[in-house]
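Coordinates in review
These are the residues of each chain, in order.
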Amino acid sequence: MTYNSEQMQQILQKAFARQQQGEISRQQIIEIASELGVSSASLQAAEQEWLTQEIGEKKRQRFHAQRRDEFKSHLIAFIGVNGFLIVLNLFTSPSYFWAIFPLLGWGLGLFFSGMKAYKTSGESYENDFYEWSKKLPK
């Protein structure tokens, strides 16, 4: 039976995952790569690419967490203020439910805020992420 390079990589990844319960040192990776005929330049380039991807993924995770935390703060404020307005409305003028207007207006804004907070793709998301990334300390 023969395998292409992608299939070989998948098989080896599964074999390494099964065999290794702990961590693998960088030296062990270099030795394994050498045994597989991978040049040190290719290994170094692959390691650098992996590190870059890891850093990018961690940035995106922080960005998602920050957006969701902001949304949760918005939601808590919405519940608190509108709860107070409803109680105030019921005590001051129970025959006319005026609290519906701020509830609906703010609710619409909250809806769009939630959509933005949980969106993880698209041009607007990428623009927001880029702007957020520029503000990060170097």
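Residues numbered from 1 in each chain as written. Predicted model: local features only at pLDDT ≥ 70, side-chain atom pairs only at ≥ 80, totals over all residues. Heavy atoms only, no water.

**What about the confidence of the model for the protein?**
In plain terms, the rule: Values of pLDDT, the confidence the predictor places in each residue, fall between 0 and 100. Numbering of helices and strands starts at the N terminus; helices are DSSP runs of H or I of at least 4 residues and strands are runs of E of at least 2.
Within the protein, residue pLDDT values average 88, and 96% of them lie at 70 or more. Taken element by element, the protein is modelled with least confidence in helix α1 (residues 5-19), mean pLDDT 76, and with most confidence in helix α4 (residues 100-117), mean pLDDT 96.

**Regarding the packing of aromatic side chains**
We describe a pair of aromatic rings using the distance from one ring centre to the other and the angle between the two ring planes. Basically, it comes down to this: Aromatic rings from Phe, Tyr and Trp, taking only the six-membered ring of Trp, are treated as a pair when their centres fall within 6.5 Å; an angle between ring planes under 30 degrees marks them as stacked, one over 60 as edge-to-face, and anything in between as tilted. Any residue under 20% of the maximum accessible area for its type is buried, any over 50% is exposed, and the rest in between are partly exposed; the area is computed with a 1.4 Å probe on protein chains only.
Under the definition given, this model contains eight aromatic pairs. Consider the rings of Tyr-125 and Phe-129, whose centres lie 6.5 Å apart with planes at 10°: the pair is stacked. With Tyr-125 and Phe-129 both in helix α5 (residues 123-135), this residue pair falls four residues apart, about one helical turn. The exposure classification of Tyr-125 matches that of Phe-129, with both residues buried.

**Notes on the environment of Ile-100**
Relative to the assigned elements, Ile-100 resides in helix α4. For Ile-100, a relative accessible area of 26% gives the class partly exposed. C-alpha of Ile-100 to C-alpha of Leu-85: the two residues are 15 residues apart in sequence and 9.1 Å apart in space.

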